Amino acid sequence: MSATATRAPAATPPRSRGRTPDAHDFPTRPYDLVREFVIALVVVAALTAALAAVFSSPDEKAITLRDWARVAPNDVVATATAELAGTSTSAGYGPPYNHASDGPKLGPLPLAKWGGVRIPVDPAEQLVVVPLAARSADPAVQAAVKAWRAASPDRQNTWATQYADALAKAPDGAPDRVAAGDYGPVPRLASGLLQLARSGGLDGALDSSGAFYGADQTRGLLLLADGAYLEDQARARNLGGDQWGMMNETGNYPGQPWMWLYTFWYQVEPFKSSGNADALVWGLMMLLSLLLVLVPFIPGLRSVPRWIPVHRLIWRSYYRTVEGQRPRR
């Protein structure tokens with residue numbers, strides 16, 4: 001009886017992966033990396049300098065209250081008087097500074113009123129009287145502060161209003177050419193604020209705060225904006241609201257060309273003549289932004305790319321390749 005020995009079939013060796021090509025197997029050509037880098041650096045630097053020269057924002061120094069007092073002293077006196085009389089822009093602004101008005105609205109929606117008075121500012125007291133009481137070393141100014149605070153609100157308003165009217169009638173608004181009258185301590189307060197601003201003390205008095213970050217420029221900017229000097233400087237640089245004015249913070253360039261659509265609406269009616277333009281333009285831009293987000297879901301509007309195939313022109317090489325690979329019917 002014989003037995004037949006069986007042998008298991010040999011295992012199939014695993015397939016070996018293809019050999020990784022050596023980098024030297026590929027064709028090469030000389031390439032000067034340093035030269036390419038230098039050329040790119042020079043071209044980009046030249047373009048940056050040229051575009052910055054044409055489109056950049058001016059690197060203006062910040063306007064201080066001291067500069068204002070030095071260049072336009074009569075405007076400082078007139079602005080201080082307006083703060084005391086309650087006729088300045090900030091005095092009637094409304095939220096977030098006071099309750100003098102409802103502030104900007106969007107149709108029936110009182111947006112500013114909803115925000116409330118979060119930064120309460122009493123222009124007469126906080127922009128004029130308090131800085132003088134805290135920083136002025138002139139005894140006559142301190143006496144004027146006491147006289148002002150001792151008077152009734154009606155009496156204060158009468159003094160300040162009469163002095164504001166007298167300043168408006170004086171040649172060039174010069175305080176030393178104002179007609180005689182009963183103005184109470186207002187002339188001394190206004191001239192004291194001018195002297196404090198000239199010394200540089202008013203900037204610190206208005207902008208200093210007790211918080212960790214040592215400066216809050218809200219009050220200083222309110223006082224400066226209530227005068228004519230800041231607007232005059234803006235218009236001289238074509239930054240007025242009707243001059244398409246918009247710029248970054250000083251030192252940054254080349255400006256904000258992407259904001260053209262926002263500023264565009266301020267040049268057309270009804271926004272151009274509206275005192276509520278800020279809220280209206282904001283509402284319109286929010287609506288346009290929402291439409292942009294919803295483009296894929298709006299019938300008709302979402303079909304515009306098919307009707308005007310600009311994308312096919314931009315990626316024409318891709319579409320030429322893809323369409324060339326499609327089988328012909």
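Residues numbered from 1 in each chain as written. Predicted model: local features only at pLDDT ≥ 70, side-chain atom pairs only at ≥ 80, totals over all residues. Heavy atoms only, no water.

1. Details of the overall build of the protein chain
A count of helical and extended segments in the protein chain gives 16 helices and 0 strands. The proportion of buried residues among the 329 residues of the protein chain is 26%. Residue pairs at least 24 apart in sequence account for 53% of intrachain contacts in the protein chain once pairs closer than 6 positions are excluded. As presented, the protein chain carries roughly 22900 Å² of accessible surface, and 59% of it is formed by carbon and sulfur atoms. (Helix = DSSP H or I, 4+ residues; strand = E, 2+ residues; numbered from the N terminus. Buried < 20%, exposed > 50% of the residue type's maximum accessible area, 1.4 Å probe, protein only. Contact = heavy atoms within 4.5 Å. Areas by Shrake-Rupley, 256 points an atom, 1.4 Å probe, with all protein chains shown as cover.)

2. Focus on the packing of aromatic side chains
Any aromatic ring pair is given by two values, namely how distant the centres are and how the planes are angled relative to each other. This structure, assessed with the given rule, holds 6 aromatic pairs. When the centroid spacing of 6.1 Å and the interplanar angle of 65° are considered together, the rings of Trp265 and Phe271 count as edge-to-face. Residue Trp265 is classed as buried on the basis of its relative accessible area of 18%. For Phe271, a relative accessible area of 13% corresponds to the buried category. It is Arg312 that lies over the ring of Tyr319; its NZ or CZ is 4.4 Å from the centre. (Phe/Tyr/Trp six-rings, centres within 6.5 Å; stacked < 30°, edge-to-face > 60°. Lys NZ or Arg CZ within 6 Å of the ring centre and 35° of its normal.)

3. Looking at a nonpolar patch on the surface
Taken together, the side chains of Leu301, Val304, Trp307, Ile308, Val310, Ile314, Trp315 and Tyr318 present a nonpolar region at the surface, about 860 Å² in accessible area. Looking at the nonpolar patch, the elements with two or more residues in it are α14 (304–307) and α15 (310–314). Examined against the element boundaries, Ile314 turns out to sit in helix α15. When its relative accessible area of 55% is taken as the criterion, Ile314 is described as exposed. (Patch = residues over 30% accessible without salt bridge, like charges linked within 9 Å, V, L, I, M, F, W, Y side chains within 5 Å. Salt bridge = Lys/Arg side-chain N within 4 Å of Asp/Glu carboxyl O.)

4. A look at the nonpolar core
Formed by 42 residues in total, the largest nonpolar core has its most connected members in Trp68, Leu84, Leu132, Trp148 and Leu202. Counting only elements with at least two residues in this core, the list comes to α2 (65–71), α3 (73–85), α5 (123–135), α6 (139–150), α7 (153–169), α8 (186–199), α9 (201–207) and α10 (218–226). Element by element, the count of residues in this core is highest for α8, at 7 residues. With residues up to four places along the chain from it excluded, the contact list for Leu84 reads Ala124, Val128, Val129, Trp148, Ala160, Val186 and Leu189. (Core = buried A, V, L, I, M, F, W, Y, C linked by side-chain atoms within 4.5 Å.)

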